[in-house]
There are 4 protein chains.
Amino acid sequence: MTHKIAILGASGYTGAELVRLIDQHPNMEITALSAERKAGRTMADVFPHLRHISLPTLCKISEIDFSQVDLCFCALPHKTSQEVISALPKNLKIVDLSADFRLRDPEAYEHWYGNPHTAVEMQEEAVYGLSEFYRNDIKSARLVAGTGCNAATGQFALRPLISAGVIDLDDIILDLKCAVSGAGRALKENLLHAELSEGYNAYAIGGTHRHLGEFDQEFSKLAGRPVKVQFTPHLLPANRGILATVYVKGDAEKIYQTFAAAYADETFIELLPFGDAPSTHHVRGSNFCHIGVTSDRIAGRAIVIAALDNLTKGSSGQALQNANLMLGEEETAGLMMAPLFP
Amino acid sequence: MTHKIAILGASGYTGAELVRLIDQHPNMEITALSAERKAGRTMADVFPHLRHISLPTLCKISEIDFSQVDLCFCALPHKTSQEVISALPKNLKIVDLSADFRLRDPEAYEHWYGNPHTAVEMQEEAVYGLSEFYRNDIKSARLVAGTGCNAATGQFALRPLISAGVIDLDDIILDLKCAVSGAGRALKENLLHAELSEGYNAYAIGGTHRHLGEFDQEFSKLAGRPVKVQFTPHLLPANRGILATVYVKGDAEKIYQTFAAAYADETFIELLPFGDAPSTHHVRGSNFCHIGVTSDRIAGRAIVIAALDNLTKGSSGQALQNANLMLGEEETAGLMMAPLFP
Amino acid sequence: MTHKIAILGASGYTGAELVRLIDQHPNMEITALSAERKAGRTMADVFPHLRHISLPTLCKISEIDFSQVDLCFCALPHKTSQEVISALPKNLKIVDLSADFRLRDPEAYEHWYGNPHTAVEMQEEAVYGLSEFYRNDIKSARLVAGTGCNAATGQFALRPLISAGVIDLDDIILDLKCAVSGAGRALKENLLHAELSEGYNAYAIGGTHRHLGEFDQEFSKLAGRPVKVQFTPHLLPANRGILATVYVKGDAEKIYQTFAAAYADETFIELLPFGDAPSTHHVRGSNFCHIGVTSDRIAGRAIVIAALDNLTKGSSGQALQNANLMLGEEETAGLMMAPLFP
Amino acid sequence: MTHKIAILGASGYTGAELVRLIDQHPNMEITALSAERKAGRTMADVFPHLRHISLPTLCKISEIDFSQVDLCFCALPHKTSQEVISALPKNLKIVDLSADFRLRDPEAYEHWYGNPHTAVEMQEEAVYGLSEFYRNDIKSARLVAGTGCNAATGQFALRPLISAGVIDLDDIILDLKCAVSGAGRALKENLLHAELSEGYNAYAIGGTHRHLGEFDQEFSKLAGRPVKVQFTPHLLPANRGILATVYVKGDAEKIYQTFAAAYADETFIELLPFGDAPSTHHVRGSNFCHIGVTSDRIAGRAIVIAALDNLTKGSSGQALQNANLMLGEEETAGLMMAPLFP
């Protein structure tokens with residue numbers, strides 16, 4: 001059976017990435033693509049790398065007949081997303097890639113995003129879309145909230161450790177290195193090639209990045225008490241890839257064994273041999289996440305490093321993985337393509 | 001039926017690219033991977049981006065039981081390739097990615113490569129592997145010689161025009177822009193990141209690049225008389241992609257119509273709307289070739305631009321396309337993945 | 001004696017580059033920096049790499065007391081530039097970096113720029129700012145028009161050859177490779193890192209690039225008859241650097257000798273040994289232009305390659321060189337810094 | 001008075017960088033350049049970006065008449081450096097850029113570098129070349145040992161804080177992001193453009209990087225008791241630049257004031273406004289170091305970020321600064337060039 005798929009907000013990078021992946025899915029067909037400002041144009045015009053694929057012309061959301069849609073990916077900006085999703089048919093399966101339904105607490109949402117949530121009941125209903133950890137909930141969910149890409153990376157590197165109680169919960173430092181596509185196709189000065197290539201810097205320093213809302217929510221829930229991590233993202237001259245270098249206090253061997261047990265059956269999580277350092281080069285364009293663990297020369301300290309592609313495993317690949325779960329498809333369908341290297 | 005595949009020279013970029021592609025092929029299984037100097041190591045160790053794939057350990061060629069192999073890709077350096085292939089079973093299907101069997105004329109080979117050919121009879125037997133133009137010969141071939149990546153790009157931009165007689169054969173200029181992976185994984189100073197990024201230069205200037213041997217052979221054969229093109233490659237700070245800007249004398253509209261007719265049924269060749277300029281961004285990691293045609297302000301001149309990924313359509317993707325033809329598989333099997341952008 | 005310098009439009013790349021260069025000039029002091037939309041901010045805020053330099057706060061043009069200015073660099077967009085310059089004191093020395101005063105013919109200006117010129121008499125008065133070829137005129141000029149960066153590169157590669165009559169004037173092809181800073185700090189999708197890095201494409205194809213106006217004017221004047229070149233620029237993933245690969249018909253040795261004679265006394269023009277290919281890597285951040293000549297395997301053809309930094313020799317460095325001439329300073333003052341490599 | 005300068009090991013990046021800088025020095029003249037394997041070639045041949053400078057031909061060290069040399073920069077690999085320097089005239093002023101004389105303790109040297117030191121008495125005599133902190137010792141030194149580039153960056157971010165006792169000495173984490181030129185011009189697979197561009201990874205993880213020897217020595221000396229920092233370097237796709245993100249426990253305001261006092265009179269150290277994040281973009285090619293301080297949302301934590309150019313302030317610029325001190329020149333001579341941006 002072929003599922004009919006709509007993508008709202010198809011003119012951004014996550015929209016294009018969804019098309020790229022779904023094109024390889026055996027049982028999905030894209031029947032609607034929306035882009036308000038580019039409605040009427042073809043996807044080939046907006047993203048020439050997709051020109052060999054037969055696709056519907058970009059349209060406005062209001063033009064979509066949702067009765068003909070089995071599942072809808074929503075790749076809109078936050079705030080817009082909650083408005084649009086509120087107005088969609090109540091029985092439509094939805095995977096939202098925005099930030100709007102990641103946080104369960106309306107106050108936390110307002111704190112991190114600066115505006116009150118206007119669809120509080122749906123916020124409650126939504127399932128957090130970190131597939132490996134919410135698999136069963138996602139299977140029966142109607143609305144799944146894709147995670148932040150940095151938030152996904154940090155959680156792959158920390159959730160099993162927090163659950164197992166093998167690290168000091170009060171001294172966790174995440175130093176993230178992020179590629180530029182995580183910022184989307186927005187026209188901002190610091191995203192220009194001339195400003196970004198050949199250099200790097202931290203941003204949202206001091207604990208101000210919005211993905212902290214997700215870390216706080218998820219880690220506190222896991223630990224059964226408040227957990228606050230220190231998180232500093234850096235913008236790097238590359239297009240895809242997040243590398244999280246996580247500094248923890250705990251026994252490195254025990255940490256490694258914890259990961260080995262937690263991820264033993266996970267197709268997309270690759271635990272490297274002890275002491276190996278993962279690289280974003282080796283996950284580019286794929287749905288895989290590589291994790292490495294090493295001990296430090298200072299006793300009682302360990303370093304966990306996680307690498308994934310922000311647009312795939314961190315966003316659109318995760319979304320497709322979730323859609324597979326929701327539709328009863330093989331979880332890995334359309335997602336087994338190897339990384340592109342070099 | 002699953003075909004058993006061997007890859008000789010698996011530790012280079014074209015070898016890794018073959019593994020990446022074949023991993024998505026429905027009817028192929030890799031049963032042997034050779035790498036003389038890295039024999040005994042795993043592919044995951046040499047190319048960590050492939051670590052999620054079950055693969056045989058790297059071995060020496062002498063360790064392979066070729067009676068268990070249906071088709072062998074040979075991704076060895078030229079000269080080594082002819083030695084190795086001469087010694088392989090005579091009924092084994094082979095796709096060679098080196099330069100050794102591209103030229104029919106032993107003298108031309110010696111002129112461009114500096115050493116006499118040691119397998120002259122096989123040189124004669126080999127079929128030139130430009131799939132779109134030698135399709136029928138390839139289907140029944142035992143030994144197919146993959147083309148040079150620059151040579152492929154230039155030919156996609158010129159063959160139909162030479163066949164149709166719509167351009168001046170004595171005034172063809174190919175200005176090529178090439179990414180660095182075309183040079184392989186060789187340790188050379190000019191391939192270092194610090195030497196290459198942020199700048200560019202021409203190389204092999206003055207008509208000294210070896211792929212001219214292929215242009216001369218193929219274009220002269222098509223035209224039925226000697227054709228010599230002027231060809232200047234440039235090395236650019238990118239990992240994948242060849243852009244050929246071809247300056248020809250002829251009527252641009254007629255040229256466009258010639259392409260439209262020649263490539264109407266070709267899955268992998270995309271002719272852009274008249275006046276559009278292709279970009280290597282839009283073919284990266286894929287087997288597609290984009291072609292654009294425009295007229296110049298100077299009457300009687302046209303510009304043809306072709307873009308492809310040197311490792312895929314220019315090399316390993318082409319090789320797989322040829323293997324599909326030789327094995328009676330769907331020509332596009334394993335090759336329909338969309339380009340990776342951004 | 002220290003000259004008082006104003007820079008109008010200091011918040012763009014050419015403005016910042018002027019500050020970088022003038023900072024090393026022994027006899028210049030920057031007394032005013034304008035940026036209409038960023039007036040009131042410091043240069044350190046807009047360009048943190050200049051924060052160690054004592055500079056006036058950014059202001060509006062209307063706030064500048066031009067009676068205290070010896071020479072004014074105008075780094076404004078075209079059209080704005082002619083309006084602003086018309087209103088400046090008539091005795092003020094001006095080096096304009098925009099396109100507004102490059103063309104002598106008002107019709108040519110309107111043809112290439114799409115709007116009628118509003119300061120036609122100044123257009124006539126202005127001297128074309130290619131320092132090496134208009135040195136004497138520049139010395140006594142009040143208004144000097146900086147050349148286009150592509151136009152400068154092409155002219156260094158062709159002017160001596162056209163003057164000497166050693167190439168076929170009807171068959172000149174310029175294939176240019178340009179870095180992204182030539183497009184300025186504008187917020188355009190194709191200038192984003194995610195869109196530009198790792199790929200390349202031609203633009204303004206078919207003879208539509210505005211710098212053709214300069215080529216037509218200058219080459220026709222030199223030849224004493226109309227000369228039209230074919231010119232195709234390409235956008236490359238680098239921040240600085242133009243490489244012009246110029247295909248000409250003529251004797252390569254004669255061409256080389258012509259350059260050797262023409263540039264024998266030029267500090268900033270380096271003629272490489274015959275057969276060597278210049279690289280933008282080797283001129284980055286400097287006022288030098290490297291030129292290489294080689295013959296092709298096809299008799300009677302030659303390739304001339306020129307490399308320069310579009311922001312320095314192609315724009316702000318050229319502007320300072322011209323200012324030095326106008327102010328009676330050493331022509332090379334502030335301009336002898338070596339390129340930055342790697 | 002013009003000082004006669006020799007550079008040993010001129011064919012590497014730090015050698016070329018020294019030439020670039022000294023070329024702008026008012027009182028230095030390069031009289032000898034050595035490169036054992038490239039002896040007989042010109043510097044223009046090895047580094048074409050320096051071709052406009054009149055320089056001696058590369059020679060062997062044995063060919064240099066050191067009686068005609070006032071100061072010698074030694075840019076050789078470690079181990080070679082101690083052998084060569086031992087054999088130089090005992091009264092010759094030397095600035096060594098290798099690791100050989102950075103550590104005072106022969107056992108520490110052997111621990112980190114794997115071989116016993118063969119010039120132990122000179123190891124004792126050498127002055128540690130961190131100009132801002134050893135200024136007076138350097139002025140009277142005969143042999144100055146340039147610091148590691150990562151070691152310099154980390155020390156600029158930490159020395160004043162350790163001296164002032166405003167941070168917890170037992171919980172210092174340095175997450176460094178390093179550009180590729182720090183690895184020199186060596187032919188290694190991971191330094192190839194195709195392997196490095198578009199991705200990143202940690203290396204020398206777990207406290208194994210050699211620059212830890214310097215941190216241990218210097219920080220323990222400052223604190224008057226053993227101090228061990230946790231240090232993880234990352235290799236990034238850029239050519240120049242180190243960004244140190246340093247996680248400390250202490251009061252951010254107090255930390256900021258400590259820096260303000262410590263660096264008030266330092267020309268090359270720029271303390272950014274509180275809360276600003278420095279970027280390697282803004283120091284590229286210059287001798288400046290930018291430092292930023294911010295508090296974290298977690299009370300009692302602060303983040304210090306330092307950015308510098310590894311080849312300039314981290315190596316050759318530092319070396320020239322030290323040479324100026326040793327020769328009684330203005331400390332900033334030849335070093336005031338603004339960074340290159342973009």
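All figures in this text were calculated on a predicted structure; none of them were measured in a lab.

**Q** Please give an account of the packing of aromatic side chains that cites residues and values.
**A** According to the stated counting rule, one finds 44 aromatic pairs over all chains in the structure shown. Ring geometry for A:Phe215 against A:Phe231: centres 5.4 Å apart, planes inclined by 85°, an arrangement best described as edge-to-face. Here A:Phe215, found in helix α9 (residues 212-223), pairs with A:Phe231, found in strand β10 (residues 230-235); they are 16 residues apart in sequence, far enough to count as distant. A:Phe215 gets classed as buried once you look at its relative accessible area, which sits at 0%. Aromatic side chains C:Phe341 and D:Tyr13 sit 6.4 Å apart centroid to centroid with 75° between the ring planes, which places their arrangement in the edge-to-face category. One end of the pair, C:Phe341, is in the segment after α11 (312-327); the other, D:Tyr13, is in helix α1 (residues 13-22), on a second chain. Taken as a pair, C:Phe341 and D:Tyr13 share a single burial class, namely buried. Taken together through their ring pairs, the aromatic side chains of A:Phe133, A:Phe156, A:Phe259 and A:Tyr263 make up a single cluster. A cation over an aromatic ring shows up here: D:Arg159 above the ring of D:Phe133, its NZ or CZ 4.8 Å from the ring centre.

**Q** Give me the sheet that holds strand β4 (residues 71-74) of chain B: which residues, what numbers.
**A** Residues and elements named next belong to chain B. One open sheet accounts for seven strands, arranged β3-β2-β1-β4-β5-β7-β6; its pairing is parallel. The outermost strands of the open sheet, each flanked by one partner alone, are β3 (58-59) and β6 (127-128). Relative to strand β2 (residues 28-34), strand β1 (residues 3-8) runs parallel, the two being bridged by six bridges. Looking at β2, one finds that Ile7 is bridged to Leu33.

**Q** Explain the relation of the copies chain A and chain D residue by residue, including any values.
**A** Mapping chain A onto chain D leaves a residual RMSD of 0.0 Å; the transformation is a rotation of 180° accompanied by 0.0 Å of translation along its axis. Taken together, the rotation and translation relating the two chain copies correspond to the operation of a two-fold axis. For chain A, the residue whose C-alpha comes nearest the rotation axis is A:Pro237, separated from it by 3.4 Å. Same-surface contact between copies: 100% of interface residues of chain A are shared with the interface of chain D.

Parameters and conventions
- Residues numbered from 1 in each chain as written.
- Chains lettered and ligands numbered in written order.
- Predicted model: local features only at pLDDT ≥ 70, side-chain atom pairs only at ≥ 80, totals over all residues.
- Heavy atoms only, no water.
- Phe/Tyr/Trp six-rings, centres within 6.5 Å; stacked < 30°, edge-to-face > 60°.
- Helix = DSSP H or I, 4+ residues; strand = E, 2+ residues; numbered from the N terminus.
- Buried < 20%, exposed > 50% of the residue type's maximum accessible area, 1.4 Å probe, protein only.
- Lys NZ or Arg CZ within 6 Å of the ring centre and 35° of its normal.
- Pairing = 2+ DSSP bridges.
- Least-squares fit on C-alpha atoms with pLDDT ≥ 70 in both.
- Contact = heavy atoms within 4.5 Å.

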